[in-house]
Amino acid sequence: MARSITRVRAFTLVELLVVIAIIGLLVALLLPAVQMVREASRRSACSNNLKQIGLALTSYADAHAGLPPSSTSQIDFGVWSPKPTNYHLHSWASLLLPFLEQGTLQSQVNYSVSAVAPENLAVAAQQIAIYRCASFDGHDFSQAPVYTKISEQFALRNYAALSATTIGNLWQQPDGVIYPRASTRLAEITDGLSNTVLIVETCEPEVAVWIDGGTAAVAAHPYDESTTPSYALPQVALNFHPYFVGNGQGIDAEYGPASRHPGGAMHLLGDGAVRFIADSVVVAAYDALVTRAGGEVTSGAAY
């Protein structure tokens, strides 16, 4: 008896290429959507970090009758100095630890010596999750020579005090809230807590060391050594690069107020609200948000 032969039809090369092309198109369409969802989650986590920092700042102000300084030393002393361990240099991020349920970590900090002294190197290497934005894709530890000559494990942070409108003001007469050697009372923020920024994101990849107060403050405008007395460019520093070039006389910073979130950065206001401000913000509006007692009128439409 003759056998019947069943033919199995296979994909032709053309059909296979069409299928691959369709799959590739679907992936290309889905990938941006997945990335958007992930970034939305990271932005939410970043916002929550700042909200927790805001609550901690309020608790600190209640306990100490004022907000913490950005640094316990004056602005011109820092890790770039010939003998940085001669200066106290403790940061707002360090002083805030017990109010962020980090009392155990704070107990390891020796506040009787410099933040960058040998006694504090072990705690300076600790990663603090609430001080890191999930969108930041940089190092865990600073690679800057001014730090690595002391230790190769100075852990970084992604939040900074927005201390002044310009670098000139930061050096001479800070017009923000949290600045070196300050203890600003909430009542001194006469522009209104809801109209004044305390803390801003930064994606500075090297010198944003959490324990070091010398680099814990930023200004609203990028540095320009030629424009005395402001030492500032006219545009805002949001995502501006390079933010500060010391020309060998201090420390360089790639970014000041900045983030890895597209188009702007998160800002913590004095009333605890967190606002995403676009890097296209109107300059006058941004300056008004930085000052504590400038008397400016801010407009929501400006940012």
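See the structure above.
First, a word on scope: everything that follows refers to the structure included in this document. (Residues numbered from 1 in each chain as written. Predicted model: local features only at pLDDT ≥ 70, side-chain atom pairs only at ≥ 80, totals over all residues. Heavy atoms only, no water.)

1. Here's the deal with the overall build of the protein
Counting its regular elements, the protein contains seven helices and five strands. Ordering the α and β elements of the protein from the N terminus gives α-α-α-α-α-β-α-β-β-β-β-α. The burial tally for the protein puts 48% of its 303 residues in the buried class. Expressed as a percentage of contacts within the protein between residues at least 6 apart in sequence, the contacts between residues at least 24 apart total 66%. Approximately 14,600 Å² of the protein is accessible, and the part contributed by carbon and sulfur atoms is 56%. (Helix = DSSP H or I, 4+ residues; strand = E, 2+ residues; numbered from the N terminus. Buried < 20%, exposed > 50% of the residue type's maximum accessible area, 1.4 Å probe, protein only. Contact = heavy atoms within 4.5 Å. Areas by Shrake-Rupley, 256 points an atom, 1.4 Å probe, with all protein chains shown as cover.)

2. Brief notes about the sheet that holds strand β4 (residues 264-269)
Backbone-to-backbone hydrogen bonds pair the strands of a sheet. The strands run either parallel or antiparallel. Sheet architecture is open: five strands sit in the order β3-β1-β2-β4-β5, paired in mixed fashion. On the outer flanks of this sheet lie β3 (217-219) and β5 (274-278), each paired with one strand and no other. Strand-to-strand twist across the sheet, computed as the mean angle between neighbouring axes with direction ignored, equals 40 degrees. Pairing analysis gives five bridges linking β4 to β5, with the strands arranged antiparallel. Note on β5: the bridge partner recorded for M266 is F276. (Pairing = 2+ DSSP bridges. Axes fitted to C-alpha atoms, helices over the stretch in contact; angles between N-to-C directions.)

3. Considering the environment of G250
By secondary structure assignment, the location of G250 is in the loop between β3 and β4. Judged by relative accessible area, which is 30%, G250 ranks as partly exposed. Taking the C-alpha atoms as reference, G250 lies 8.8 Å from D76; in sequence the two are 174 residues apart.

4. Considerations on the nonpolar core
If you look at the biggest cluster of nonpolar residues, it comprises 76 residues, and the most contacted ones within it are I53, W92, Y131 and I199. Each residue touching Y131, except ones within four places of it in the same chain, is listed here: I53, W92, A93, L96, L97, L100, R157, N158, Y159 and W210. (Core = buried A, V, L, I, M, F, W, Y, C linked by side-chain atoms within 4.5 Å.)

5. Things to note about the environment of T148
Counting through the fold element by element, T148 comes out in helix α5 (residues 145-148). Residue contacts for T148: discarding those within four places in its chain leaves S142 and Q143.

6. What to know about the pairing of strand β1 (residues 159-164)
When you tally the buried positions in β1, you get six out of six residues, the bulk of the element. The sheet contact formed by β1 and strand β2 (residues 197-201) spans three bridges and is antiparallel. Paired with Y159 across the two strands is E201, which belongs to β2.

7. Some thoughts on the pattern of salt bridges
Within this structure, the stated rule accounts for three salt bridges. Here R260 ties to D137 by a salt bridge, and the two come within 3.3 Å at their closest N and O atoms. On the criterion of sequence distance, the pair formed by R260 in the loop between β3 and β4 and D137 in the loop between α4 (121-124) and α5 is long-range, its members being 123 residues apart. Classification of R260 as partly exposed rests on a relative accessible area of 36%. You can call D137 exposed: its relative accessible area is 60%. (Salt bridge = Lys/Arg side-chain N within 4 Å of Asp/Glu carboxyl O.)

8. Re helix α7 (residues 283-290)
With six of eight residues buried, α7 lies mostly within the body of the structure. Elements that come into contact with the buried residues of α7 comprise β1, β2, β4 and β5.

9. Quick look at unusual backbone geometry
Cis geometry is found at the peptide bond from T228 to P229, where omega equals 0 degrees. The residue P229 is located in the loop between β3 and β4 in this model. Positive phi outside glycine occurs at A65, with the angle close to 60 degrees. Counting through the fold element by element, A65 comes out in the loop between α1 (13-64) and α2 (92-95). In the Ramachandran plot, E101 falls in the positive-phi region, its phi being about 60 degrees despite a non-glycine side chain. With respect to the secondary-structure elements, E101 resides in the loop between α2 and α3 (103-106). A relative accessible area of 78% means that E101 is categorised as exposed.

10. Let's talk about the packing of aromatic side chains
A full pass over the atoms with the stated rule returns eight aromatic pairs. Joined through ring pairs, the aromatic side chains of W171, Y223, Y231 and F244 make up one cluster. Taking NZ or CZ as reference, R43 lies 4.0 Å from the ring centre of F276, over its face. (Phe/Tyr/Trp six-rings, centres within 6.5 Å; stacked < 30°, edge-to-face > 60°. Lys NZ or Arg CZ within 6 Å of the ring centre and 35° of its normal.)

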